[in-house]
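# Structure at a glance
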Amino acid sequence: MTLPRPNLNQLEMRGDFIRRHIGPNPEQIRAMLAELGLTDLEQIIAKALPADILNAEPLKLTETISENAVIKHLRKIRERNKVFTSLIGMGYYDTIMPAVIKRNVLENPGWYTAYTPYQPEVSQGRLEALLNFQQMIVDLTGMEIANASLLDEATAAAEAVAMARRLSHNPVQAVFVDRDCHPQTIAVVQTRARSLGYQVIVGDPYRGLDRHDFFAVLVQYPGSQGEIHDLGEIVEIAHKKSALAVAAADLLSLVLLKPPGAFGVDIVVGSAQRFGVPMGYGGPHAAFFATQDEYKRSMPGRLIGVSKDSHGHTALRMALQTREQHIRRDKATSNICTSQVLLAVIAGFYAVYHGADGLRMIAGRVHRYAQILAAGLALMGYEVVSRRYFDTLVVRVPNRAKRIAAQAMEASINLRVIDPDHIGISLDETTTRKTLRALWQVFATPAAEFPDINRLHESVDECIPDALLRSDPFLQHPVFARYHSETEMMRYMRRLARRDIALDRSMIPLGSCTMKLNAATEMQALSYHEFSGLHPFAPLYQTLGYQQMFAELEDMLCDLTGFDAFSLQPNAGSQGEYTGLLVIRKFHQVNGQHQRTICLIPASAHGTNPASAVLAGLKVVVVACDDNGNVSLDDLKAKLAEYHDTVAALMITYPSTHGVFEEAFRTICELVHQHGGQVYLDGANFNALVGLSRPGKIGADVAHLNLHKTFSIPHGGGGPGVGPIGVGAHLAPYLPDHPVVKNVNPNKGPHGTIGTVAAAPWGSASIYTISWAYIAMMGAAGLKKATLTAILNANYIAKRLAPHYPILYTGKNGWVAHECIIDCRAFKHACGITVEDIAKRLIDFGFHAPTVSFPVPETLMIEPTESEDKEEIDRFCNALIAIRQEIAEIENGNADPENNVLRHAPHTHKLLLEEWTLPYSRQQAFFPGDDQEDDKYWPPVGRIDNVYGDRHVICTCPPLEDYQ
Ligand SMILES: *Cc1c(COP(=O)(O)O)cnc(C)c1O
């Protein structure tokens, strides 16, 4: 007997990942195709997509490599990164992520695959974790209210300045910025100010601030070079001018220092990175934003609030959700959508695990080491310029700064070269006696004696005066005292995680958000020390692995999109939009077309589109959609004629948020170009195009890609994300650069760039490894198959649901794209059942609801992605069909319009403890679906009262009495 001869490619498992990523097996694919009257996946192309958008030439990235080979390759790349002890500071510090948090949160799909908590009943775990984060920020900053994170410190500062401009009664169009702010913060504020038309005065706020006029003053506390100032006078001067005082603060220093709130500062921003989140060569990290209660309704970002559920029990939710962008649109004041939930959760847990005393010990140690270092340097004959500092020193080294920094690098230490005469040194949680000795070695001169650490520890005096030290207690809530043993911490994190529905439990069919598999292999590299341990401003020769990975990823993305260059700096889709529009504006200005300030946006657009246009200084003009959900060509022509030579851009989502490939995409782009405008493509729906169509070749000039949608970066419960933008060659010179790391945009030309849009040169660098691995393992064949399967899955769902729910929009041949919208408007008229009732009833079946009421009110937008197999999709369809029958019972009078199974959904275990009085069985309430007997999801709270929560906005942990 002879064995069949296997194919060598199969032996190497090449391409094996494709079947791991794509949910349906060949048999299921055949069955679904048969439902739709097809026999082959490829036939979908002709059925669903317009012929004129298809790729003319095949992708270049043809290779597909195995999971094992990807890991090997990434290990090789990581060897090109050199992890030095980075004492550069400037907003990034080494830190120790407690292993219990790394294993149970960062590397736990229960946390990282969750979605933004729009459905609070299935998100109580991460909502509690975020409330802890908010409480920690409130305590440390001394403010009254804090949000649940922003993208990074620099954009948070820009948001704070913009908010101050809205709130200040001083009409002057200028902001005063402390010259000792981190340079990237100043750069991002300047970029924002240019588009919104106000002046940025950079100077020393502690000298003659009175002589300037401004609507806000922004200071760094402690300064970027370490000095701690009394902020009292700054606040007084600002308030006298009806201006707001904004402080960008270092979180760890606030453990010891008088908090900005105690000086009367109005807004405090900063980064929570050094609370256990690795530097990751720039990100992702959570920024924070805190202010006074009176300003809460003007705050950007998401706010977690306390409300009540249908049983009157305390329950958490996102507060003031009506402020979200899809409602504010062109009245929006901020475009933040995806933020940094996972990182805020980690930073919050870091505080929970250490508690106030633990943090005091960490901060105290860092500070003590800094003082010993300074004393030692002084003994060695150096002038330490810093007088009052927490962890950062400036040392005077006339004409020797570069040389000393080079000597430090010989010892694998990075220092900050401030100018030819000054070196900056920032210590951190990982600093030890060994670090101090190594530093002294670097500074050693033959004559000087080597200092003795113990002796210095005994003799140095506190350098911070009492008036600047914190005297009030913080982190007093029980949550910060209960979980200091690893056992209790592990159980607390598990308890929270099991309250939530994430992708590790069931499909999350969120239209427009593409909740696909985040494969374990893709997640590995970001945990490697050689990727996570790098400072974003480390010299490039130490980061060659990253540079290689970026270059390869940019090539892959250019190949997939047909663009000529990419910028990896924007750290969310919204930031990509803003950046892309700035690039377009700059292009027009360079061409002498300063008058082009109109941004055309179809009515169906995502709310971030108009919000980003406003931030980019453009005026939004809405283009109508026709009855089929397509951009109305008549209205577009009319608007183009009306605004003609003032049109800067059309922002269009393709396929549209209505879930169909419109036929006229190319025509639309041609029309806009005829009028001299540029086409911005919102690439959130790129999962429907990958491998089939290249936007850059069919009319788009710029597009952002949400790699946290299409390219497998997990949503993290509402972030991190990244929103890199691709552009045609004519726009490449204007892509962002960076004030600290040069040559971030190699195409930069004589007209300069748009400036800087994020704190780190390559944004949230470490998670780009995820998308790199995804593309490498899928290859051209896998990516195309994924796209076709995503379209197949969506059309299969549309086919199964169509007899029960109207499908709102379809395209050619009655096909949808990669998502479909089911229309629930009629139920409200017929029997009072709303789309919210349906969403909450899905929880009883163990499902997270699809996208609710976007882009059309009272509809559900369903996107299964390619990762869900037929069985799971059928389970989901069966649930929706069963719910439809429950609605029919109300319509035909068999069930009460108020007292029914939909209205009371979701049903919690607490109902089991009461006498059963509901007009339906417990079986129907709790176990309505398939296969629930063995694995029932029990929602921890009943339906949450949104109105109550918005009337009584409470965004901190419940008062102490509630725990007794
Ligand atoms: C998700 C999304 C955005 C915003 O992207 P973020 O990464 O959340 O900022 C923009 N447009 C559409 C259509 C989206 O689905």
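What you see is a predicted model, and the numbers here were worked out from it, not measured in a lab.

Moving on: the side chain of Arg943. Considering the arrangement of structural elements, one finds Arg943 in the loop between helix H30 (922–926) and helix H31 (946–951). Among the polar contacts made by the side chain of Arg943, one reaches the side chain of Asp837 at a distance of 2.7 Å. Apart from the residues lying within four places of it in its own chain, the contact partners of Arg943 are Glu121, Lys308, Asp309, Ser310, Glu836, Asp837, Lys840, Leu902, Arg903, Ala905 and Pro906.

Moving on to helix H28 (residues 835–844). Of all 10 residues making up H28, nine are buried, and the element is well covered by its neighbours. Considered for burial, the residues of H28 that qualify are Val835, Asp837, Ile838, Ala839, Lys840, Arg841, Leu842, Ile843 and Asp844. Where H28 ends, the next residue or the one after it, Gly846, has phi of about 90°, a positive value.

Together, Glu871, Asp930, Asp931, Glu933, Asp934 and Asp935 make up a region of like negative charge exposed at the surface. One can find Asp931 in the loop between H30 and H31.

Bringing the pattern of salt bridges into the picture now. Under the counting rule described, the total for this entry stands at 35 salt bridges. Arg192 is the partner of Glu159 in a salt bridge, and the nearest nitrogen-oxygen pair spans 3.6 Å. Linking Glu159 in helix H9 (residues 153–167) with Arg192 in helix H10 (residues 183–196), this pair joins segments that are 33 residues apart in sequence. Of the two residues examined, Glu159 and Arg192, each falls in the buried class. When the shortest N-O distance is used, the salt bridge between Glu488 and Arg491 registers 3.6 Å. Linking Glu488 with Arg491, this pair stays in helix H18 (residues 486–497), spanning three residues, or about one helical turn. Among the charged side chains, a salt-bridge network with shared partners connects Glu836, Asp837, Glu898, Arg903 and Arg943.

This part takes up the packing of aromatic side chains. Within this structure, the stated rule accounts for 30 aromatic pairs. Relative to Trp762, the ring of Tyr281 lies with its centre 5.8 Å away and its plane at 20°, an arrangement referred to as stacked. Residue Tyr281 is located in the loop between strand S7 (267–271) and strand S8 (287–291), and its partner Trp762 is located in the loop between strand S22 (725–727) and helix H26 (768–801); the two are separated by 481 residues in the primary sequence. Taken individually, Tyr281 and Trp762 each receive the classification buried, so the pair is uniform in this respect. Among the aromatic residues, ring-to-ring pairing joins Tyr281, Tyr528, Phe531, Tyr546, Phe550, Trp762 and Tyr768 into one connected group. The side chain of Arg274 reaches across the aromatic face of Tyr93, ending 3.8 Å from its centre. Above the face of the Trp938 ring, Lys936 is positioned so that its terminal group lies 5.1 Å from the ring centre.

So, how was this worked out
Residues numbered from 1 in each chain as written. Predicted model: local features only at pLDDT ≥ 70, side-chain atom pairs only at ≥ 80, totals over all residues. Heavy atoms only, no water. Helix = DSSP H or I, 4+ residues; strand = E, 2+ residues; numbered from the N terminus. Polar contact = N/O pair within 3.5 Å; in protein donor to acceptor, adjacent residues only side chain to side chain. Contact = heavy atoms within 4.5 Å. Buried < 20%, exposed > 50% of the residue type's maximum accessible area, 1.4 Å probe, protein only. Patch = residues over 30% accessible without salt bridge, like charges linked within 9 Å, V, L, I, M, F, W, Y side chains within 5 Å. Areas by Shrake-Rupley, 256 points an atom, 1.4 Å probe, with all protein chains shown as cover. Salt bridge = Lys/Arg side-chain N within 4 Å of Asp/Glu carboxyl O. Lys, Arg positive; Asp, Glu negative; His and termini not counted. Charge placed at Lys NZ, Arg CZ, Asp CG, Glu CD. Phe/Tyr/Trp six-rings, centres within 6.5 Å; stacked < 30°, edge-to-face > 60°. Lys NZ or Arg CZ within 6 Å of the ring centre and 35° of its normal.

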